[in-house]
Amino acid sequence: ESGVNDQDVALADLDAFLETVSREAGRDDEARAQAIAVLTRLVDRRGPTGRLKRSAVVWAATRALGRVFDDIRARPSARFVWVGHDAPLARDVAPDTTVVIDARGFRPEGEGSLARAIVDLYRRGARRLVVAHARGHRFIGCGLGPQSDGLRIDVYGSPGDYLASGIDGAEIVVPAS
């Protein structure tokens, strides 16, 4: 008996695959977009997970998404930029730019909140937002005003209440975990 069980081997294989996906995401913007799509599907879709529990797959894929988002912070591009509460966006946003917002540090509501930062980014021209690390942030998608068609917000983590309350056209996607 080697002390290694099938579940440990499966998890090691999954970790190696996810490490490759997150590392390859650093090649270029198209690879980033593909990595985010693949990892989101792993988090969001229900299906057979072999010898692993679904929670283990979701946890590992979420960690890999975090690595991709960290890479965007370290190496922004014309197509992917990163914003945090202590690192606001200094310019207007081209409509084809994906803005990754690190929700950590933003207040859950009110002045200095994530919801208000999203409204500000929308007014600056952002039409594709990715919220990373949401933890109880309220009112995401509120305050965008009428005719917010063409805006998509993907929220990773656990958003708070009033999510998308009163939106008029915007699309908000929360991958299930």
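The structure under discussion appears in the preceding block.
Report on the accompanying structure.

Basis of the calculations
- Residues numbered from 1 in each chain as written.
- Predicted model: local features only at pLDDT ≥ 70, side-chain atom pairs only at ≥ 80, totals over all residues.
- Heavy atoms only, no water.
- Helix = DSSP H or I, 4+ residues; strand = E, 2+ residues; numbered from the N terminus.
- Buried < 20%, exposed > 50% of the residue type's maximum accessible area, 1.4 Å probe, protein only.
- Contact = heavy atoms within 4.5 Å.
- 1 Å grid on protein atoms, 1.4 Å probe; cavity = no way out; pocket = protein on both sides within 12 Å on 5 of 7 lines; lining within 4 Å.
- Points joined across faces, edges and corners; volume = space filled by probe spheres on them.
- Nonpolar A, V, L, I, M, F, W, Y, C, P; charged D, E, K, R; others polar.
- Phe/Tyr/Trp six-rings, centres within 6.5 Å; stacked < 30°, edge-to-face > 60°.
- Lys NZ or Arg CZ within 6 Å of the ring centre and 35° of its normal.
- Salt bridge = Lys/Arg side-chain N within 4 Å of Asp/Glu carboxyl O.

1. Points about the environment of D149
Examined against the element boundaries, D149 turns out to sit in the loop between β3 (128-135) and β4 (152-158). Overall, the relative accessible area of 53% leaves D149 in the exposed class. Expressed as a C-alpha distance, the spacing of D149 and D168, which sit 19 residues apart in the sequence, is 7.3 Å. With residues up to four places along the chain from it excluded, the contact list for D149 reads D168, G169 and A170.

2. As for the layout of surface pockets
What the largest pocket holds in volume is close to 310 Å³. I36, A37, R128, R152 and D154 are the residues nearest the centre of the largest pocket, which is lined by 17 residues in total. Sorting the residues of the lining of the largest pocket by element identifies α2 (29-44), β3 and β4 as the ones contributing at least two each. For the lining of the largest pocket, the element with the highest residue contribution is α2, accounting for 6 residues. For the lining of the largest pocket, the per-class residue count stands at 8 nonpolar, 2 polar and 7 charged.

3. Here we look at the packing of aromatic side chains
Throughout the structure, instances matching the rule amount to 2 aromatic pairs. Residue placement shows R73 over the ring face of W82; its charged tip is 4.1 Å from the ring centre.

4. A closer look at the pattern of salt bridges
All told, the structure shown has 15 salt bridges when counted by the stated rule. R116 is paired through a salt bridge with E111; the nearest N and O atoms lie 2.7 Å apart. R116 gets classed as partly exposed once you look at its relative accessible area, which sits at 48%. Overlapping salt bridges, with partners in common, bring together D29, R32, D71 and R75 in one network.

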